[in-house]
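Read off the chains here:
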Amino acid sequence: MKIKKIGVLTGGGDCPGLNAVIRAVVKSAIKKYGWEVMGFIDGYRGLVENWTIPLTDQTVSGILVRGGTILGTNNRANPFAYTYDENGKTIPPVDKSKVAVLNLKRNEMDAFIAIGGDGTLSMTQKFWEMGIPVVGVPKTIDNDLSGTDVTFGFDSALCVATEAVDRLHTTAESHHRVMVLETMGRYAGWIALRAGIAGGGDVILIPEIPYTMEKVVEAVKNRDSRGKNFTIVVVAEGAKEVGRDAVVQRIVKGSHDSVRLGGVSYKVAEIIEKETEIETRVTILGHLQRGGIPTPFDRWLATRYGAAATELLSEGKFGKMVSLRGTEIGNISLKEAVGSLRLVDPKGEEVKTAIATGVSFGNE
Ligand code: F6P
């Protein structure tokens, strides 16, 4: 099959580095293979609605360092269970995958690249099952995609979270307070764990290690009795008490994963303050972790992913996701990649290192 024109879209929640992938896809497609490139606006919604934009060397000029995505994104447009009517109002799910395929034909697109997390890549896998030549690129600040060691976007979010831990240290120390910082990450504790280790957090609570408030309070009291008159607690939004579920902030109807976590830090802080009588404050970082310019690592990884994605298409290796294994860029079938989440190993070296350096996970 000879490719002449490809499409590209960004789906799901945004993160720093999306534009760097788009740029690498467009530049390598044009310069190396002589293909035309077209973008779909707002993720899979654009593919169903046929919202397109030509992508040229000019269009992608200067976007390497820009956060967000020049194509726009959408975290609830699923062509296989589409919930928008022609006026954009919410309707019960309808299968619009054939309309999406028709739009690919209408635009004379031979293949497309989808940049997204678990949800977007699961939809991309379904298009591959329908015989559409596709390649996926793994994105998410949560770093929870199995099939790759690192997703781009994670490093940028980690830098924001680590800087927050650093900044909270100085004010915590001045006021002799407990500072509770809540990070994103959904069901994976990567951001909290690594920001906690890098920033020198004293207590780290992650979904993979259920905690008890007794142990958390004990850790704070312990520090107090050793003359450390402040404590930094880093809590992943998905952290949960032993025997309890994670704290749900809201349900987003129509989204691939409709549950939005958040608010656990308030519960943790309330009990710490009550039990220790030490003033306790909460900071929820939220979408600050998703905004702004990508770190050099994320630009470097995103550029490698983008170029590797066009290479896979050129070699006819469809139905794959580009990945990073160690220091090497490789690929894995989309089917394998979207099957399961990559979570922190509670018995792994990173957790052991944190414990060895005095961190409490609130469990023992
Ligand atoms: O998956 C990325 C992520 O930022 C999660 O860490 C977070 O739980 C969720 O998306 C927030 O989603 P939304 O942008 O819809 O509020």
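Preceding block: the structure.
Residues numbered from 1 in each chain as written. Predicted model: local features only at pLDDT ≥ 70, side-chain atom pairs only at ≥ 80, totals over all residues. Heavy atoms only, no water.

What about the site of the ligand?
In the vicinity of the ligand, the residues found are Asn75, Ile141, Asp142, Met184, Gly185, Arg186, Glu237, Arg260, His287 and Arg290. Asparagine 75 has a polar side-chain atom sitting 3.1 Å from an oxygen atom of the ligand. Histidine 287 has a polar side-chain atom sitting 2.9 Å from an oxygen atom of the ligand. For the ligand, whose unbound accessible area comes to 400 Å², protein coverage reaches 83%. In the shell around the ligand, the residues fall into 2 nonpolar, 3 polar and 5 charged. (Near = heavy atom within 4 Å. Polar contact = N/O pair within 3.5 Å; in protein donor to acceptor, adjacent residues only side chain to side chain. Areas by Shrake-Rupley, 256 points an atom, 1.4 Å probe, with all protein chains shown as cover. Nonpolar A, V, L, I, M, F, W, Y, C, P; charged D, E, K, R; others polar.)

Description of the pattern of salt bridges
Considering all chains together, one arrives at 15 salt bridges under this definition. A salt bridge links aspartate 57 to lysine 27, with the shortest nitrogen-to-oxygen separation between them at 3.5 Å. A residue pair is termed long-range when its members are at least 10 positions apart, and aspartate 57 in the loop between strand E3 (52-55) and strand E4 (82-84) and lysine 27 in helix H1 (residues 18-33) qualify at 30 residues. According to the relative accessible area criterion, aspartate 57 is partly exposed, its value standing at 31%. According to the relative accessible area criterion, lysine 27 is partly exposed, its value standing at 25%. Between glutamate 279 and arginine 281 there is a salt bridge, with the nearest N and O atoms lying 2.7 Å from each other. For glutamate 279, a relative accessible area of 37% corresponds to the partly exposed category. Residue arginine 281 is classed as partly exposed on the basis of its relative accessible area, which comes to 33%. A single salt-bridge network, built from bridges that share partners, covers Lys27, Lys31 and Asp57. (Salt bridge = Lys/Arg side-chain N within 4 Å of Asp/Glu carboxyl O. Helix = DSSP H or I, 4+ residues; strand = E, 2+ residues; numbered from the N terminus. Buried < 20%, exposed > 50% of the residue type's maximum accessible area, 1.4 Å probe, protein only.)

Focus: the environment of leucine 121
Structurally, leucine 121 can be placed in helix H4 (residues 118-129). Taking relative accessible area as the criterion, leucine 121 reaches 0% and is therefore assigned buried. With residues near it in sequence (within four places) discarded, leucine 121 still touches Ala114, Gly116, Gly136, Val137, Pro138, Leu145, Met321, Leu334 and Val338. (Contact = heavy atoms within 4.5 Å.)

Comments concerning the sheet that holds strand E9 (residues 203-205)
Sheets are built from strands that pair by backbone hydrogen bonding, the pairs being arranged parallel or antiparallel. Pairing is parallel across the open sheet formed by 4 strands, whose spatial order is E9-E10-E8-E13. Because the sheet does not close on itself, it has two edges, and the strands there are E9 and strand E13 (280-284). Taking each pair of neighbouring strands and ignoring which way they run, the sheet shows an average axis angle of 15 degrees. Bridging between E9 and strand E10 (residues 231-236) involves 3 bridges; their strand directions are parallel. For isoleucine 204, the partnering residue across the bridge sits in E10 and is valine 234. Those strands touched by helix H7 (residues 213-225) are strand E8 (178-183), E9 and E10, and its axis lies near 165 degrees from that of E9. On the sheet, helix H8 (residues 264-276) packs against E8, E9, E10 and E13 and is oriented at approximately 170 degrees with respect to E13. (Pairing = 2+ DSSP bridges. Axes fitted to C-alpha atoms, helices over the stretch in contact; angles between N-to-C directions.)

Focus: the environment of glycine 238
Among the structural elements, glycine 238 can be located in the loop between E10 and strand E11 (248-251). We classify glycine 238 as buried; its relative accessible area is 2%. Discounting chain neighbours no more than four positions away, the residues touching glycine 238 are Arg186, Pro207, Ala246 and Leu261.

Observations concerning the sheet that holds strand E14 (residues 320-325)
On the basis of which strands lie adjacent, the open sheet formed by 7 strands has the order E3-E2-E1-E6-E7-E14-E15 and mixed pairing. Two strands bound the open sheet, and with one partner strand each, they are E3 and strand E15 (328-333). Neighbour to neighbour, the strand axes of the sheet diverge by 30 degrees on average, direction disregarded. In the sheet, strand E2 (residues 36-40) pairs with E3 via 4 bridges, with the strands oriented antiparallel.

Quick look at the pairing of strand E7 (residues 134-138)
Buried residues dominate E7, accounting for 5 of its 5 residues. Along E7, one buried face is formed by Val134, Gly136 and Pro138 and the opposite face, lined by Val135 and Val137, is buried too. For strand E6 (residues 111-116) and E7, the ladder comprises 5 bridges, and the chain directions are parallel. Bridge pairing in E7 links isoleucine 115 to valine 137.

Honestly, that's just the spatial picture; any functional story needs more than this.
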